[in-house]
Each structure stands twice: as structure tokens, then as C-alpha cells.
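Here is how the chains run, residue by residue.
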Amino acid sequence: MGANTSSLLSEDIEEMARESDLSPKEIKRLYKRFQKLDRNQSGTLQAEELTLIPELAMNPLLPRIISFFENVNFKEFVRILSVFAPEANEETKLKFAFSFFDVDHDDYISHSDIKDILYMLCGDNLDNSELEEIVSIIIRDADSDKDGKLSLEDFKKSATLTEMVTLLSINF
């Protein structure tokens, strides 16, 4: 997968289209974008390359976004971005959103996961006691089995599907 879309084999395009909710045309468009992002032409995206995207550079959740896209090749890039296709199913979108909040990758959204995300969003605008109070309220309201952390099932019950689908949809 070299310098232009002609080096992206049609069989690769078809395979990625079958495995994602993206059309061949959208995959070709993403390939051009991937090549622009891959400034060192390594075939994978590096953190430094991702921070050069103006929309991401200003995003307070940049560290979490980088954790999903750093060191991915084009096929992985397509797989991740296909979650954002309007045609992607709700379950896929919810699982992605859940994994975004599961900072420590333990298959639960814990107190510290929520606090980490809130701190990324708010910085020093909230003191520790305010952060703790917000986290406690979130867990209290969403933790259906009262184990002090959110499982995927807790997350699904508390997430508004329509809002989640809208937030996790991008037209390519």
C-alpha cells in the first residue's frame, strides 16, 4: 500500500468493505487520508502524526484517541473508523464507546476510569472533591448491580442508544 490509491489492491478494498460498514469508495477516500496522515510513510500512524490533525490537537481527549489509533496500519484504521459509519450497528458503537471509557482495559468502567476521562475533559477547572462527587453520581446512577463499577451491560442500560448512534456517526 504505497503512495497512491492505485497501489491499494481492489481485492483488499473488497475485503475491507465486506468486513466493515464502509463502501469501496469510502475506503479509497480513507486510504488517501491515511497516506496524508502517515507523514513518515511507515505504513502505520504514530502519535506525533495524529497530533498534527487540527481537530484532534485541540481535543481534550487526545490521549485516549491516540491510544486507539497509534501504530495502526491501514486495515486497522478502516476497522476502527467503520464503527463511526452511519450504517454500523448500535451494538458495535456501544462496545466502542465502552472501550473508550475503559481506560485501564479491564472490561469495566471503574471509578478511576471515569475520573481520568473527566479530568481530561475538565482539567483543573474542577477540584478533586468535585470530580469525586461527579464520579460517584455517575456510578450510583448507572451501576445496576451495585458492584461499584460499570459493566458493558450497565453501560448499555444507561446509554441512550439514539444519542450514542448520533455521536458515533461520521459521513466519510
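Above this text you will find the structure in question.
Quick caveat: nothing in here was measured; it's all calculated off a predicted structure.

Colleague: What's the story with the packing of helix H1 (residues 10-19) against helix H2 (residues 24-37) in this structure? I'm lost.
Modeller: The relative placement of two packed helices comes down to the angle between their axes together with the axis-to-axis distance. One way to put it is that H1 packs onto H2 with a least axis distance of 9 Å and a crossing angle of 110°. Looking at the two axes, H1 sits roughly perpendicular to H2. The two elements H1 and H2 meet at a crossing, and its hand is right-handed. Listed contacts from H2 to Ile13, Glu14, Met16 and Ala17 of H1 are Pro24, Ile27 and Lys28.

Colleague: Would you explain a positive patch on the surface in this entry?
Modeller: A cluster of basic residues, Lys25, Lys28, Arg29, Lys32, Arg33, Lys36 and Arg39, forms a positive patch at the surface. By the secondary structure assignment, Lys32 is in helix H2.

Colleague: What is the right way to read the packing of H2 against helix H6 (residues 74-81) from this model?
Modeller: Running from N to C, H2 and H6 cross one another at 120°; their axes reach a closest spacing of 10 Å. The angle between H2 and H6 places the two elements in the oblique class. In this structure, the crossing between H2 and H6 has a hand that is right-handed. Listed contacts from H6 to Ile27, Leu30, Tyr31, Phe34 and Leu37 of H2 are Phe74, Phe77, Val78 and Leu81. In terms of residue class, the contact of H2 with H6 is made up of 9 nonpolar, no polar and no charged.

Cut-offs and rules
Sequence order as written defines residue numbering, which begins from 1 separately in each chain. Since the coordinates come from a predicted model, pLDDT governs what is reported: local features require at least 70, and pairs of side-chain atoms require 80 or more to be given and counted, while whole-chain, interface and lining totals use all residues. Only hydrogens and water are set aside; all other atoms, that is, all heavy atoms of the structure, feed into the side-chain values. Orientation is described by lines fitted to C-alpha atoms, with helices fitted over the stretch in contact, and by angles between N-to-C directions that extend from 0 to 180 degrees. For the purposes of this entry, the term helix denotes a DSSP run of H or I that reaches at least four residues, the term strand denotes a run of E that reaches at least two, and both are numbered from the N terminus. Orientation labels follow simple angle bins: below 35 degrees gives roughly parallel, above 145 gives roughly antiparallel, 65 to 115 gives roughly perpendicular, and whatever is left gives oblique. A crossing counts as left-handed when the near helix is turned anticlockwise from the far one by less than a right angle, and as right-handed when that turn is clockwise. Contact between two residues is taken to exist if any of their heavy atoms lie within 4.5 Å; hydrogens are not considered. A patch consists of residues exposed above 30% relative accessible area that lack any salt bridge, with like charges linked at up to 9 Å and nonpolar side chains (Val, Leu, Ile, Met, Phe, Trp, Tyr) linked at up to 5 Å. The accessible surface values rely on the Shrake-Rupley method and a 1.4 Å probe; as for residues, cover is taken only from the protein chains in view. By convention in these notes, a salt bridge is any Lys or Arg side-chain nitrogen within 4 Å of a carboxyl oxygen on Asp or Glu. Residues scored as charged are limited to Lys and Arg (positive) and Asp and Glu (negative), so that His and the chain ends carry no count. Just so you know, the charge point we use is NZ for Lys, CZ for Arg, CG for Asp and CD for Glu. Ten residues, namely Ala, Val, Leu, Ile, Met, Phe, Trp, Tyr, Cys and Pro, are considered nonpolar, four, namely Asp, Glu, Lys and Arg, are considered charged, and the remaining ones, Gly among them, are considered polar.

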